[in-house]
Amino acid sequence: MRTQTLIALAVAALALPALAADYKLGALTIQSPWSRPAMAGMNGVGFMTIANAGAKPVKLVSAQSPAATTVEIHLSAMANGVMTMRRQDAGVEIPAGGAVAFAPGGYHFMLLGLKQPLAVGQKIPVTLVFENGRRGQVELSVQTAAPKAAQGAASEHQHH
Ligand SMILES: [Cu+2]
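The numbering scheme is per chain: residues are counted from 1 as the chain's sequence reads. Only residues with pLDDT of 70 or above have their local features reported here, since the model is predicted, and side-chain atom pairs are shown and tallied only from 80 upward, although totals for entire chains, interfaces and linings are computed over all residues. Values reported for side chains reflect all heavy atoms of the structure, with hydrogen atoms and water molecules removed beforehand.

Enquirer: Describe in detail the environment of Phe 109, supporting the description with residues and values.
Expert: Helix numbering and strand numbering both begin at the N terminus, where a helix is a DSSP run of H or I of at least 4 residues and a strand a DSSP run of E of at least 2. Note on placement: Phe 109 falls in strand β9 (residues 107–114). Sequence separation between Phe 109 and Gly 44 is 65 residues, and the spatial gap between their C-alpha atoms is 8.3 Å. In this analysis, two residues are considered to be in contact whenever any of their non-hydrogen atoms come within 4.5 Å of each other. Setting aside residues no more than four positions away along its own chain, Phe 109 makes contact with Gly 44, Val 45, Gly 46, Met 48, Leu 60, Ala 63, Val 71, Glu 72, Ile 73, Phe 102 and Leu 128.

Enquirer: Lay out the packing of aromatic side chains in plain terms, naming residues and giving numbers.
Expert: The relation between two aromatic rings is expressed through the spacing of the ring centres and the mutual angle of the planes. What counts as a ring pair is set by centres within 6.5 Å for rings of Phe, Tyr and Trp (its six-membered ring), and what kind of pair is set by the plane angle: stacked under 30 degrees, edge-to-face over 60, tilted for all other angles. Under the defined criterion, the tally for this structure stands at three aromatic pairs. Between the aromatic rings of Trp 34 and Phe 47, the centroid separation amounts to 4.9 Å while the plane-to-plane angle is 45°, which identifies the pairing as tilted. With Trp 34 in strand β2 (residues 28–35) and Phe 47 in strand β3 (residues 44–52), this residue pair connects regions lying 13 residues apart in the sequence. Judged by its relative accessible area of 2%, Phe 47 falls in the buried class. When the ring of Phe 102 is compared with that of Tyr 107, the centres are 5.6 Å apart and the planes differ by 45°; the resulting orientation is tilted. Burial classes follow relative accessibility: with a 1.4 Å probe on protein chains only, a residue under 20% of its type's maximum area counts as buried, one over 50% as exposed, and anything between as partly exposed.

Enquirer: Please provide a residue-by-residue account of the coordination of the copper ion, values included.
Expert: Coordination partners: N, O, S within 2.8 Å of the metal, 3.2 Å for Na, K and Ca; water not considered, so apparent gaps in a site are possible. Looking at the metal site, the copper ion is ligated by His 74 (ND1), Met 85 (SD), His 108 (NE2) and Met 110 (SD), spaced 2.1 to 2.3 Å from it. Think of it this way: with four donors and all angles in the 85 to 135 degree range, the site is tetrahedral; with four or six donors, opposite ones beyond 155 degrees and the rest between 65 and 115, it is square planar or octahedral; otherwise it is irregular. Classification of the site at the copper ion as tetrahedral follows from its four donor atoms and the range of 94 to 118° in their angles at the metal. Each donor residue of the copper ion lies on the same chain, and together they follow the pattern H-x10-M-x22-H-x1-M. One end of the pair, His 74, is in strand β5 (residues 68–79); the other, Met 85, is in strand β6 (residues 82–87), with 11 residues separating them in the sequence. For His 74, a relative accessible area of 7% puts it in the buried group. Taking relative accessible area as the criterion, Met 85 reaches 45% and is therefore assigned partly exposed.

Enquirer: Outline the pattern of salt bridges, supporting the account with residue identities and numerical values.
Expert: A side-chain nitrogen of Lys or Arg and a carboxyl oxygen of Asp or Glu constitute a salt bridge if their distance falls within 4 Å. Taken as a whole and judged by the stated rule, the model has two salt bridges. Note that Arg 87 is salt-bridged to Glu 72, the shortest N-O span being 3.8 Å. Pair noted here: Arg 87 is in strand β6 and Glu 72 is in strand β5, with a separation of 15 residues, a long-range link. Look at Glu 72 and you get buried, because its relative accessible area is 17%. Here Arg 87 ties to Asp 89 by a salt bridge, and the two come within 3.0 Å at their closest N and O atoms. The exposure class assigned to Asp 89 is exposed, which follows from its relative accessible area of 58%. It is possible to trace a salt-bridge network through shared partners that takes in Glu 72, Arg 87 and Asp 89.

Enquirer: Describe the nonpolar core, listing the residues and the values that go with them.
Expert: Nonpolar core, defined: a set of buried Ala, Val, Leu, Ile, Met, Phe, Trp, Tyr and Cys residues in which side-chain atoms within 4.5 Å join the residues together. Grouped together as the largest cluster of nonpolar side chains are 30 residues, with contacts concentrated most on Met 48, Ile 50, Leu 60, Phe 102, Phe 109, Leu 111 and Leu 128. Apart from residues no more than four positions distant in its own chain, Phe 102 is found in contact with Phe 47, Met 48, Ile 50, Leu 60, Ile 73, Val 92, Tyr 107, His 108 and Phe 109.

Enquirer: Could you give an account of the confidence of the model for the protein, naming the residues involved and the relevant values?
Expert: Values of pLDDT, the confidence the predictor places in each residue, fall between 0 and 100. Averaged over every residue, the pLDDT of the protein is 86; the share at 70 or more is 80%. Residue range residues 7–17 is modelled with pLDDT below 50. Its contacts to residues more than four positions away, or to other chains, number zero contacts. Within the model, the stretch residues 152–160 combines pLDDT values under 50 with 15 contacts to residues more than four positions away or in other chains.

Here is the structure:
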């Protein structure tokens, strides 16, 4: 009986449309990771909000994905009317009791050299690596527009 219930739940989960989910990693909550459609061989993007409910800041140092040759952390900024992106080799600190939005126009993950196309509805695994060696895996939900939760977070973008 129990097995049947579990199978029914699994089928129900598969039937749901692809939605960006939230992930917990200790005091961190990674909210609504998502990406945009892209072709194989091109670069993709990753967006999410990382919130830190802990009493200490946590630094994100790098990220990896089996879908890309390299993943870099970038920060977009306007310089003399031109949008530029800078690699954030020192990582990004998530302040204690605060959050950092990785969103269009600000911080983002750059998936360099996509090994596969990113199609709407797909889930792309990304491993986030933090300063203390802690790793957390999330899945980017490939969609054409920001999930509702992420749109609100984008306006709370924090600068350092
Ligand atoms: Cu970039």
